[in-house]
Amino acid sequence: MTDTKWDASAGNFAPLKGKFTFVINEDGRTDAYLGDRDSGQREKITFPAGLTFLDGNPTPFSPTGDRLLVSHQSSKGPQDLWVYDIPTRQAKQLTFSAIASLNPANLPKSQLVHYRSFDGKIISAFLWMPFNLKRDQRQPGVVLPHGGPTGQMVDYFNRDAAALASRGYICIAPNVRGSTGYGTEFQKANHQDLGGGDLQDEVYAARFLVDTGYVNARKIGMMGGSYGGYMTLMAVGRTPDVWAAGVEMFGIINWFTMLEHEDPLLQEYEKSLLGDPVKDRKIYSDASPIQFIRNARAPLLVLQGENDIRVPKEEAEQVVTILKEAGKTVDAHYYPNEGHGFAKRENQIDAIQRTVSWFDRYLKGHQD
């Protein structure tokens with residue numbers, strides 16, 4: 001049924017008529033398909049670009065097999081449920097997720113772009129362009145690294161990108177080497193090279209923004225959480241000339257202290273990426289932002305959950321202490337009763353507001 005370079009995942013069989021479902025993740029966008037067992041034919045369930053999945057438990061099919069429960073989200077709207085009528089190929093929306101006073105028509109939609117990195121490797125990324133910009137090389141830009149590193153930036157309702165792009169920031173979220181969704185070779189391309197080639201892929205994302213003709217090379221920031229936070233720390237320290245501001249959330253500063261404090265499952269994951277901490281000590285050291293962070297020039301905002309067991313707050317505290325001792329511009333906020341990521345809505349809102357204020361101050365406030 002499938003012969004594709006993209007990730008394909010099986011779904012469910014219909015109760016009648018030999019129909020079944022599957023989904024394909026193509027370059028960070030997911031489409032749902034309906035297959036026919038007898039004819040071998042397949043048909044895409046038509047929804048706008050984004051993430052379209054089959055939902056329902058134990059099956060997305062109605063008892064008669066002629067309708068499907070579908071979940072869909074995109075860069076312009078959060079996840080909602082739909083009923084898809086198979087004979088008529090029509091979908092009816094069931095839920096309407098609240099996005100406060102936001103009108104999706106006023107939000108810039110994501111664009112799928114590709115650029116060539118330092119070694120010729122093609123990198124896929126999502127780009128958010130605010131409306132009505134002048135192509136005068138004066139606009140601010142923000143690079144949004146994803147977590148993982150074995151993760152993928154997909155075309156979901158990205159609150160950070162929506163908040164920034166609706167305020168005039170051109171945002172780009174690349175799937176750098178090490179990302180999933182592009183084959184095993186690409187996924188393993190940053191093993192024992194964390195903060196090396198993958199960081200350069202982020203730097204070339206910043207170059208892509210400048211090459212559009214819209215973005216000022218002196219007004220580019222980076223914001224990320226978890227491995228994206230690590231990447232932000234590595235970026236401002238190892239490539240300090242590229243970045244004018246940074247926001248890092250629960251990122252790793254030192255792979256050795258991370259190994260001491262993280263949970264056992266993550267310890268094994270870290271070893272799978274970097275090797276044996278004794279035999280490969282230099283690899284751990286070279287991949288740790290603590291080696292470079294004193295070179296940072298970009299003002300840095302640190303956001304961290306107090307009870308994070310994946311990337312413990314000791315990592316954030318090290319960042320703040322080192323930068324303050326070095327006389328750098330740094331601010332931090334620790335959220336009580338939050339773990340790896342912020343679950344409480346008021347904290348999610350607060351983190352976005354702090355981020356926007358930080359970039360407004362150090363990117364929009366930066367003189368040409």
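That block above? That's the structure.
Residues numbered from 1 in each chain as written. Predicted model: local features only at pLDDT ≥ 70, side-chain atom pairs only at ≥ 80, totals over all residues. Heavy atoms only, no water.

If you trace the eight strands from one edge of the open sheet to the other, you get S9-S10-S12-S11-S13-S14-S15-S16, paired in mixed fashion. Strand pairing shows two members of the sheet lacking a second neighbour, strand S9 (110-116) and strand S16 (330-335), which therefore form its edges. Neighbour to neighbour, the strand axes of the sheet diverge by 20 degrees on average, direction disregarded. Across seven bridges, the pairing between S9 and strand S10 (residues 122-128) is antiparallel. Counted as the bridge partner of serine 110 is tryptophan 128 from S10. Lying on the sheet, helix H3 (residues 197-211) is in contact with S9, S10, strand S11 (139-143), strand S12 (170-175) and strand S13 (215-225); it crosses S9 at an angle near 110 degrees. (Pairing = 2+ DSSP bridges. Helix = DSSP H or I, 4+ residues; strand = E, 2+ residues; numbered from the N terminus. Axes fitted to C-alpha atoms, helices over the stretch in contact; angles between N-to-C directions. Contact = heavy atoms within 4.5 Å.)

On inspection of all chains with the given rule, the structure shows 14 aromatic pairs. Measuring from centroid to centroid gives 5.4 Å for phenylalanine 47 and tryptophan 82, while their planes differ by 90 degrees, and the two rings are edge-to-face. Of this pair, phenylalanine 47 sits in the loop between strand S4 (42-44) and strand S5 (51-54) while tryptophan 82 sits in strand S7 (residues 77-85), and the two are 35 residues apart along the sequence. Exposure class is identical for phenylalanine 47 and tryptophan 82. Each is buried. Plain terms: the ring middles of phenylalanine 250 and phenylalanine 342 are 5.6 Å apart, the flat faces sit at 85 degrees to each other, and that makes the pair edge-to-face. Taken as a pair, phenylalanine 250 in the loop between strand S14 (245-249) and helix H5 (255-261) and phenylalanine 342 in the loop between S16 and helix H9 (345-364) lie far apart in primary sequence, 92 residues in all. Accessibility assignment for this pair places phenylalanine 250 and phenylalanine 342 in one class, buried. A cation sits over an aromatic face here: arginine 281 above phenylalanine 256, 4.3 Å from the ring centre. Its end group placed over the ring of tyrosine 334, lysine 313 keeps NZ or CZ at 5.2 Å from the ring centre. (Phe/Tyr/Trp six-rings, centres within 6.5 Å; stacked < 30°, edge-to-face > 60°. Buried < 20%, exposed > 50% of the residue type's maximum accessible area, 1.4 Å probe, protein only. Lys NZ or Arg CZ within 6 Å of the ring centre and 35° of its normal.)

Moving on: the environment of asparagine 103. With respect to the helices and strands, the residue asparagine 103 is situated in the loop between strand S8 (90-93) and S9. The spatial distance from the C-alpha of asparagine 103 to the C-alpha of lysine 76 is 8.9 Å, given a sequence separation of 27 residues.

This paragraph deals with the pairing of S7. As judged from the seven bridges shared by strand S6 (residues 67-74) and S7, these two strands associate in the antiparallel manner. From the neighbouring strand, histidine 72 faces S7, where its bridge partner is aspartate 80. Counted along the chain from S6 to the antiparallel partner S7, the turn is two residues long. Pairing of S7 with S8, which is carried by four bridges, proceeds in the antiparallel orientation. Bridging across to S8, tyrosine 84 finds its partner in alanine 91. Where S7 folds back on S8, the antiparallel hairpin that results is connected by four residues, among which arginine 89 adopts a positive phi of roughly 60 degrees.

Geometric descriptors of this kind do not, in isolation, establish any biological role.
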